[in-house]
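A look at the structure
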Amino acid sequence: MSISRRKFLGWLGAAGAGTTLGRSAHAAGTANFSGYPDALGVLFDVTRCIGCRKCEEACQKVNGLPAPEKPFSDLTVMAQKRRTDSRAYTVVNRYEQDPGVRGPLYRKSQCNHCLEPACASACFVAAFKKQSNGAVTYDESVCVGCRYCMIACPFEIPAYEYDQAFTPRIMKCTFCHPRLVQGQLPGCVEICPAEALTFGKRRDLLRIARERTDRFPGRYLDHVYGETEMGGTAWLTISGVPFRELGMREDLGTTPAPELTKGALSVVPIVAGLWPVLLTGIYAISQRREKIAREEQAAAVTAAVAKAQAEAKAKLADAVAKAEKDKQAAIAKEVKKALEEAAKSSARENPAAAAAEAEKKPN
Amino acid sequence: MPVPKFAIQKPAWTPFNVVAGIIVVVGLVVTVIRFTQGLAATTNLSDYNPWGIWIGFDLLVGVALAAGGYVTSAACYIFGLKRFHSAVRPAILTGFLGYTLVVLALHYDVGRPWRLPYPFIVQRGTTSLLFEVAACVALYLTVLFIEFSPAAMEWLGLKRARQIVVKLTLVLTIFGVVLSTLHQSSLGALFLIAPSKLHPLWYSPYLALYFFVSSIIAGLSMVIFESTMAHRYFHNKMDAEHLRQADGVALGFGKAAAWVLAGYFVIKVVGIAQADTWGYLATSYGAWFLVELLGFVLLPCYAFAISVREKNLKLIRWTAAWSVVGIVVNRFNVGLVAFNYHLPSSERYFPHWMEIAISVFVVTIGVLVYKFIVTHMPILYSHPDYDAH
């Protein structure tokens with residue numbers, strides 16, 4: 001097979017482009033993600049909200065949600081603190097202020113569309129997706145219903161259709177993603193009569209928010225909620241009173257949710273890689289220890305046997321020697337006895353000579 | 001083994017059978033309600049409290065208490081402590097049953113249980129610790145099934161298949177320890193993503209390590225506890241090896257538990273120091289935290305140490321039961337009590353009676369299946385036709 005020069009160079013170029021792409025993708029994986037460059041967002045200005053609940057109504061309509069028991073025009077529902085649920089993607093709550101000093105304040109809550117969403121990070125079927133336009137969307141067709149996203153969300157936004165036996169879904173604001181794609185505004189933004197909601201590119205909204213807080217320092221606190229909270233959110237809020245007085249948590253920190261679990265996840269492949277080595281090592285050591293114990297036992301037995309054999313041999317030799325000695329002694333004794341017998345009998349035959357001999361003896 | 005005669009003649013209306021029967025009937029009725037009416041009809045779960053006791057007890061406690069399988073098989077086959085051999089099969093059995101019941105209970109908890117394989121076959125959410133848990137639990141359940149299978153094969157007389165599985169013992173044990181390390185710790189790591197919802201005394205970057213180390217305590221204690229129960233009710237099923245080793249298992253495991261509890265106590269204190277949450281100890285949550293730390297960690301640690309030194313088997317067994325309660329307390333604290341600590345009491349969760357009924361039902365099924373298996377298969381004795389592996 002012959003390869004033309006042109007073809008070869010073409011391959012080289014493709015390989016080079018591949019490497020470059022790979023590198024940039026890798027860089028995006030490790031560096032901080034500060035959001036898609038042209039992602040959209042909404043700035044909510046608490047000082048402008050009049051608590052009319054029009055946004056709730058528009059939300060229900062454009063998303064085809066079930067109508068509430070009490071009509072949206074009924075503002076008495078705000079006497080109680082409400083949260084987003086399976087029938088409402090957004091709710092407005094009223095926060096009473098010092099009577100006579102300042103009228104009540106209202107805060108709209110909905111999905112904040114985090115730059116690095118906790119729900120998306122937590123979902124084990126990857127049902128949530130951060131779209132490049134800024135919306136965090138949910139794919140009902142893969143959802144198992146584990147509700148870990150609800151555990152994970154620091155803003156307590158996702159709700160569940162507990163009353164559905166067969167097709168329960170997670171319900172949450174979609175940033176009207178289908179409408180955004182068609183070039184329309186989110187339902188709530190479109191209807192807001194007080195211009196409390198400003199729609200635009202997130203980076204522009206940050207500048208607008210800063211302009212307002214800088215120009216009217218008496219009216220606003222110097223804090224754009226959502227700029228850094230949990231790594232930043234597409235929805236931003238500015239207010240004249242501390243956010244905690246509006247039921248917003250100020251202790252969430254600036255760490256994006258995926259960072260919180262990164263360490264634990266990174267341990268997984270390490271354990272999978274190292275544990276078998278470690279455990280096999282422990283097994284080998286315990287096996288070897290047993291083997292050495294067995295060998296030592298065998299050696300000890302051999303030594304003991306050898307020792308016993310040597311001892312037995314020595315004993316035998318001793319016994320043989322002793323027997324020999326005994327034998328000699330017995331022979332000597334017998335000889336002596338025989339000699340004595342002989343002497344006695346000769347004395348009986350010749351008593352005089354014997355007596356003489358006996359008398360001579362003490363000398 | 002011949003079927004003991006008294007088992008046949010035993011009356012059907014024993015107190016045990018009556019109570020178990022009632023629980024099973026109630027459980028089945030609630031099961032029908034759960035799968036026809038949905039979670040709202042059977043649980044007190046809410047948008048603020050998406051996880052109740054089916055996660056807090058059935059999953060978190062269930063998995064921890066099923067740790068006896070990997071702890072015992074690792075001690076015997078990897079660390080070479082052959083004197084614990086007779087404890088391996090009962091521990092593998094309870095581990096296998098435990099994980100099976102965990103998976104069964106999850107079918108009640110998730111909204112669409114028929115989609116439980118989706119994370120593996122449709123779309124993998126690999127950034128989720130729950131994916132890690134799901135993958136490891138699924139794999140480990142398979143490992144436990146294979147590890148358990150020789151007992152069933154001996155019962156069924158499948159000699160050749162058994163031979164093959166027995167040869168895999170070491171590989172399966174290593175695989176089991178790896179998977180257990182991963183998912184036991186990941187159950188704790190599930191809560192790492194919610195620092196704003198879990199009370200600072202329980203939230204810690206060491207959560208994963210805490211769950212793993214305490215699972216070893218749970219495993220050791222459960223083996224002692226289960227053996228106590230088995231001796232009480234299935235004494236006639238035990239062979240000479242089992243009876244001879246039983247006291248040694250309790251002493252050895254009690255000693256190990258004392259050491260692991262001591263280490264666990266130290267790393268828990270390190271966690272408070274690291275996060276500098278000493279101040280919270282003076283609050284009411286702090287008092288409850290101290291009850292857990294002193295009453296369910298330090299106390300059993302001391303009691304295990306003393307009872308092992310004195311060779312007091314009775315105290316070892318009581319301490320093991322106490323440690324098991326301690327694990328339940330810890331998992332409830334992380335999953336339910338200290339979770340959502342910031343919410344007003346009106347928004348807090350308390351289980352519906354039907355949730356409790358299902359949890360009791362699931363445990364009862366476990367006891368019944370255990371009873372069937374130990375009376376039919378060679379669990380508490382070695383089958384006379386086979387060599388021990």
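The structure reproduced in this document is the subject of the present report. (Residues numbered from 1 in each chain as written. Chains lettered and ligands numbered in written order. Predicted model: local features only at pLDDT ≥ 70, side-chain atom pairs only at ≥ 80, totals over all residues. Heavy atoms only, no water.)

What to know about the overall build of chain A
Scanning chain A from terminus to terminus reveals 9 helices and 9 strands. Evaluated residue by residue, chain A yields a buried proportion of 38% over its 363 residues. Within the structure as shown, chain A displays about 21000 Å² of accessible surface, and the carbon and sulfur contribution to it stands at 58%. (Helix = DSSP H or I, 4+ residues; strand = E, 2+ residues; numbered from the N terminus. Buried < 20%, exposed > 50% of the residue type's maximum accessible area, 1.4 Å probe, protein only. Areas by Shrake-Rupley, 256 points an atom, 1.4 Å probe, with all protein chains shown as cover.)

Topic: the overall build of chain B
In terms of helices and strands, chain B carries 15 helices and 0 strands. The globule rule puts the C-alpha radius of gyration for 389 residues at 21 Å, and the 21 Å found for chain B is close to it. By principal-axis analysis of the C-alpha atoms, chain B measures approximately 60 × 55 × 45 Å. Per-residue burial for chain B yields a buried fraction of 58% across its 389 residues. The contacts in chain B between residues at least 6 apart in sequence include a share of 81% that link residues at least 24 apart. With 26 positive and 17 negative side-chain charges, chain B shows a separation of 6 Å between the mean positions of the two kinds. (Rg over C-alpha atoms; globule rule 2.2 N^0.38 Å. Contact = heavy atoms within 4.5 Å. Lys, Arg positive; Asp, Glu negative; His and termini not counted. Charge placed at Lys NZ, Arg CZ, Asp CG, Glu CD.)

Focus: the pairing of strand β9 (residues 235-238) of chain A
Residues and elements named next belong to chain A. Neither face of β9 is exposed, since Trp235 and Thr237 on one face and Leu236 and Ile238 on the opposite face are all buried. One ladder, built from 4 bridges, connects strand β1 (residues 40-45) with β9; its direction is parallel. Considered in β9, the bridge of phenylalanine 44 is made with threonine 237. (Pairing = 2+ DSSP bridges.)

What to know about the packing of aromatic side chains
Taken as a whole, this structure holds 24 aromatic pairs over all chains when the rule is applied. Considering the side-chain rings of tyrosine 148 of chain A and tryptophan 51 of chain B, the 5.4 Å spacing of their centres and the 15 degrees angle between planes classify their relative orientation as stacked. Highlighted residues: tyrosine 148 of chain A in helix α4 (residues 148-152) and tryptophan 51 of chain B in the loop between α3 (39-42) and α4 (53-65), drawn from two different chains. Since its relative accessible area comes to 1%, tyrosine 148 of chain A is described here as buried. Residue classification places tryptophan 51 of chain B among the buried residues on the basis of a relative accessible area of 6%. Between tryptophan 54 of chain B and tyrosine 108 of chain B, the ring centres sit 5.9 Å apart and the planes meet at 65 degrees, which makes this aromatic pair edge-to-face. Remark: tyrosine 108 of chain B occurs in helix α6 (residues 85-109) and tryptophan 54 of chain B occurs in helix α4; sequence separation between them is 54 residues. In terms of burial, tryptophan 54 of chain B and tyrosine 108 of chain B fall into one category: buried. In this structure, arginine 83 of chain A is placed above the aromatic ring of tyrosine 48 of chain B, and the distance from its NZ or CZ to the ring centre is 4.6 Å. (Phe/Tyr/Trp six-rings, centres within 6.5 Å; stacked < 30°, edge-to-face > 60°. Lys NZ or Arg CZ within 6 Å of the ring centre and 35° of its normal.)

Describing the pattern of salt bridges
If you walk through the whole model with that rule in mind, you get 24 salt bridges over all chains. Across the pair glutamate 154 of chain B and arginine 89 of chain B runs a salt bridge, and its minimum N-O distance is 2.7 Å. On the criterion of sequence distance, the pair formed by glutamate 154 of chain B in helix α8 (residues 129-156) and arginine 89 of chain B in helix α6 is long-range, its members being 65 residues apart. Here arginine 89 of chain B falls in the buried class, since its relative accessible area comes to 17%. Between glutamate 310 of chain B and arginine 309 of chain B there is a salt bridge, with the nearest N and O atoms lying 3.1 Å from each other. Each of the salt bridges in this network shares a partner with another, and the network as a whole consists of Asp38, Lys201 and Arg203 of chain A. (Salt bridge = Lys/Arg side-chain N within 4 Å of Asp/Glu carboxyl O.)

Section: the packing of helix α5 (residues 68-78) of chain B against α6 of chain B
Residue and element names in this part refer to chain B. Remark: α5 packs on α6, axes separated minimally by 8 Å, with the N-to-C direction vectors making an angle of 155 degrees. Between α5 and α6, the crossing angle belongs to the class labelled roughly antiparallel. Of the two possible hands of crossing, α5 and α6 adopt the one that is left-handed. Contacts between α5 and α6 involve Gly68, Gly69, Thr72, Ser73, Cys76 and Tyr77 on the former and, on the latter, His85, Ala87, Val88, Ala91 and Ile92. The class makeup of the residues in the contact of α5 with α6 is 6 nonpolar, 5 polar and no charged. (Axes fitted to C-alpha atoms, helices over the stretch in contact; angles between N-to-C directions. Parallel < 35°, antiparallel > 145°, perpendicular 65-115°, else oblique. Left-handed = near helix turned anticlockwise from the far one by under 90°. Nonpolar A, V, L, I, M, F, W, Y, C, P; charged D, E, K, R; others polar.)

Here we look at the nonpolar core
The biggest cluster of nonpolar side chains holds 179 residues, and the ones touching the most others in it are Tyr148 of chain A together with Phe148, Leu190, Phe191, Leu198 and Ile379 of chain B. Looking at which element gives the most residues to this core, the answer is α8 of chain B, with 14 residues. In this structure, leucine 198 of chain B is in contact with Phe191, Tyr203, Leu207, Val334, Ala338, Phe339 and Tyr341 of chain B, ignoring residues within four places of it in sequence. (Core = buried A, V, L, I, M, F, W, Y, C linked by side-chain atoms within 4.5 Å.)

Notes on the interface of chain A and chain B
Taken together, the 60 residues of chain A in the interface contact 60 residues of chain B. Approximately 5000 Å² of surface area, both sides summed, lies buried where chain A meets chain B, with 62% of it carried by carbon and sulfur atoms. The three residues of chain A that bury the most area against chain B are Phe124, Ile151 and Tyr162 of chain A, which together make up 16% of that side's buried surface. The interface formed by chain A and chain B contains 3 salt bridges. Two residues, arginine 147 of chain A and aspartate 109 of chain B, come together in a salt bridge whose shortest N-O distance is 3.0 Å. Applying the counting rule to chain A against chain B returns 32 residue pairs in polar contact (both at pLDDT 80 or more). (Buried area = accessible area lost by both parts, 1.4 Å probe. Polar contact = N/O pair within 3.5 Å; in protein donor to acceptor, adjacent residues only side chain to side chain.)

Considerations on the sheet that holds β9 of chain A
Residues and elements named next belong to chain A. Judged by pairing direction, the sheet is mixed, and its 3 strands sit side by side in the order β8-β1-β9 without closing on themselves. Of all strands in the sheet, those bounded by a partner on one side alone are β8 (197-201) and β9. Each neighbouring strand pair of the sheet contributes to a mean axis angle of 25 degrees, computed without reference to strand direction. Judged from the 5 bridges that link them, β1 and β8 form a sheet pairing that is antiparallel. Its bridge partner being in β8, leucine 43 is matched across the sheet by threonine 198.

Topic: helix α11 (residues 207-233) of chain B
Counted at 1.5 Å a residue, the expected span for α11 of chain B with its 27 residues is 39 Å, and the 37 Å between its end C-alpha atoms agrees. Counting buried positions over the 27 residues of α11 of chain B gives 20, a clear majority of the element. (Expected span 1.5 Å × (residues − 1).)

Quick notes on a nonpolar patch on the surface
All names here are of chain B. Residues Trp13, Val18, Ile22, Val26 and Trp353 make up a contiguous nonpolar surface patch of roughly 580 Å² in combined accessible area. With 3 residues, helix α2 (residues 15-37) is the single largest residue contributor to the nonpolar patch. Relative to the helices and strands, valine 26 is located in helix α2. (Patch = residues over 30% accessible without salt bridge, like charges linked within 9 Å, V, L, I, M, F, W, Y side chains within 5 Å.)

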